[in-house]
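Next come the chains, spelled out residue by residue.
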Amino acid sequence: MKTERVRLNTARDANGNGGDVATLAAERQPPDLTPSGRGSGAIAAHLRRAIMNGVYTSGDQLPPEREIARKFGASRTTIRNALHMLEEQQLISRKIGSGTFVKYVGARGDEEIAEVTSPLELIEVRLALEPHIVRLAVLHGTARDMRAVVEALGELEASEADHEHFSQWDQRFHMAMALATHNPLIVSIYRRINDIRGHAQWNKMKDKILMPARIAEYNVEHRAIFEAVNRRDADAAAQLITSHLMEARQDLLGAQSM
Ligand SMILES: [Zn+2]
């Protein structure tokens, strides 16, 4: 029993005053400014909430460390650690000599993100996401999912002279892959991606890029991607979608310099 107790105490000390538990408890607190815990994790959670809720907005200067320390009844070292956490989460920036400033601009609305996301940035997100989407489609896709992919493929291949039609079905082809993951969050994220693709910045690019010969090349890639997923070759599928998107990226770079 004695050994047990010693071990538990050591574990708690090593965690820095039971850090995880304190943080979780603090995150369940309502967003008032009453200190809810004195560990740096709890204080960071508290300040984070104040920033997220707009008590402090971007550009605001936080009170000096000494003042925050007094308010929370904590040491300046603890406050410094808490601020360091917020800095790592990119919620504040600290300038030696001039103080601590909030740099969180609040959750941007969907429209605003569509507005500020360039086609190139969109491709970057797709490159991060879609290779894994096709891998998951290999794992979880059903025959029915694959029929939806094939349907989109048929439409794509019938639209080589019509870039509007192609664009529309290209979105649906990639969406059908996302649906084949059976992961609701991926599907939801992919919907957002397609929303942004429908946005004006893209439309300008489409006219420049989507010539019939280029559409035909993209469709060869689409078919290869489908076939790899359909024969459950995850590595090939991931590689093919990566090069598909890398080519789209190159085309965008080319179109931007036109
Ligand atoms: Zn495509």
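Residues numbered from 1 in each chain as written. Predicted model: local features only at pLDDT ≥ 70, side-chain atom pairs only at ≥ 80, totals over all residues.

### A look at the overall build of the protein chain
Test applied: We count a stretch as a helix when DSSP gives it H or I for four or more residues in a row; a strand needs E for two or more, and each element gets its number in order from the N terminus. Buried, partly exposed and exposed are defined by the number of other C-beta atoms within 10 Å of a residue's own C-beta, namely 20 or more, between the two limits, and 12 or fewer respectively, with C-beta atoms placed from the backbone. C-beta atoms are placed from the backbone for every residue, and two residues are taken to be in contact when these atoms lie within 7 Å.
Looking only at helices and strands, one finds 13 helices and two strands in the protein chain. For the protein chain, buried positions account for 28% of its 258 residues. Here the analysis covers contacts within the protein chain between residues at least 6 apart in sequence; of these, 62% occur between residues at least 24 apart.

### Notes on the environment of His174
Looking at the element boundaries, His174 is found in helix α9 (residues 163-179). Judged by the 26 C-beta atoms lying within 10 Å of it, His174 falls in the buried class. Taking the C-alpha atoms as reference points, His174 and Asn194, separated by 20 residues in sequence, lie 9.1 Å from one another.

### Focus on unusual backbone geometry
Positive phi outside glycine occurs at His182, with the angle close to 60°. Non-glycine residue Arg232 carries a positive phi angle of around 60°. The exposure class of Arg232 is exposed, given the 12 C-beta atoms found within 10 Å.

### Looking at the nonpolar core
Which entries qualify depends on this criterion: For our purposes the nonpolar core covers buried Ala, Val, Leu, Ile, Met, Phe, Trp, Tyr and Cys residues that link as a set through C-beta atoms within 7 Å.
Val134, Val149, Ala176, Met177, Ile225, Val229 and Ala237 are the most contacted members of the largest nonpolar core, which has 34 residues in total. Secondary-structure elements contributing two or more residues to this core are α7 (119-140), α8 (143-157), α9, α10 (184-197), α12 (212-230) and α13 (234-256). The dominant element in this core, judged by the number of residues it contributes, is α9, at eight residues. Setting aside chain neighbours within four positions, we find Val149 in contact with Phe173, Ala176, Met177, Ala180 and Phe226. Within the second largest apolar cluster, 17 residues are counted, among which are Leu47, Ala82, Leu86 and Val102.

### Looking at the confidence of the model for the protein chain
Rule in force here: Known as pLDDT, the predictor's confidence for each residue is given on a scale from 0 to 100.
On average, residues of the protein chain carry a pLDDT of 81, and 81% of them reach 70 or more. Least confident of the elements in the protein chain is helix α1 (residues 2-14), whose mean pLDDT is 36; most confident is α8, at 97. Below a pLDDT of 50 lies the segment residues 1-35, which in the model reaches 30 contacts outside its immediate sequence neighbourhood of four places, other chains included.

### A closer look at the pairing of strand β2 (residues 99-102)
Strand residues, when the strand is regular, have side chains that alternate between the two faces of the sheet. Short version of the rule: The pairing criterion for strands is at least two bridges between them, as found by DSSP.
Across the two faces of β2 the burial differs, with Thr100 and Val102 buried and Gly99 and Phe101 not buried at all. Here strand β1 (residues 92-95) runs beside β2; their pairing, made up of four bridges, is antiparallel. Along β2, the bridge assignment pairs Arg94 with Thr100. From the end of β1 to the start of β2, which pair antiparallel, there are three residues, and Gly97 there has a positive phi angle of about 95°.

### Some points on helix α3 (residues 40-52)
For clarity, the threshold we go by: Residue count minus one, scaled by 1.5 Å, sets the expected span of a helix.
Compared with the 18 Å implied by 1.5 Å per residue over 13 residues, the 18 Å span of α3 between its first and last C-alpha is a close match. If you check which residues of α3 are buried, you get Ser40, Gly41, Ala42, Ile43, Ala44, Ala45, His46, Leu47 and Ile51. Phi for Gly54, located one or two positions after α3, is positive at around 85°.

### Some remarks on the packing of α7 against α13
The condition is simple: Comment: axis = line fitted to C-alpha atoms, over the contacting stretch for helices; angle = value between 0 and 180 degrees taken between N-to-C directions. Angular relationships are summarised with four words: roughly parallel below 35 degrees, roughly antiparallel beyond 145, roughly perpendicular across 65 to 115, and oblique for the angles in between. Crossings are sorted by hand: turned counterclockwise from the far helix by less than a right angle, the near helix makes the crossing left-handed, and turned clockwise it makes it right-handed. For this scheme, ten residues count as nonpolar: Ala, Val, Leu, Ile, Met, Phe, Trp, Tyr, Cys and Pro. Four count as charged, namely Asp, Glu, Lys and Arg, and the remainder, Gly too, count as polar.
Orientation of α7 relative to α13, taken along the N-to-C sense of each, is 165°, at an axis distance of 8 Å. Here α13 runs roughly antiparallel to α7, going by the angle between their axes. In the packing of α7 onto α13, the handedness of the crossing is right-handed. Together, Pro119, Leu120, Ile123, Arg126, Leu127, Glu130, Pro131, Val134, Arg135 and Val138 of α7 and Ala234, Ala237, Ala238, Ile241, Thr242, Leu245, Ala248, Arg249 and Leu252 of α13 make up the contact between the two elements. Looking at the contact of α7 with α13 residue by residue, the classes come out as 14 nonpolar, one polar and four charged.

### Remarks on the packing of α7 against α10
Remark: α7 packs on α10, axes separated minimally by 11 Å, with the N-to-C direction vectors making an angle of 145°. Along this stretch, α7 crosses α10, giving a crossing that reads as left-handed. Along its contact with α7, which presents Leu122, Val125, Arg126, Leu129 and Ile133, the element α10 presents Ile186, Ile189, Ile193, Ile196 and Arg197. Counted by class, the contact of α7 with α10 contains eight nonpolar, no polar and two charged residues.

### Things to note about α13
Taking 1.5 Å of rise per residue, 23 residues should cover 33 Å, and α13 covers 33 Å from first to last C-alpha, within 8% of that figure. Residues Ala237, Leu240, Ile241, His244, Leu245 and Ala248 constitute the buried set of α13. Buried residues in α13 make contact with α7 and α12.

### Looking at the environment of Thr77
Looking at where Thr77 falls in the secondary structure, it is placed in helix α5 (residues 76-88). For the pair Thr77 and Glu65, spaced twelve residues apart in sequence, the C-alpha separation works out to 9.0 Å.

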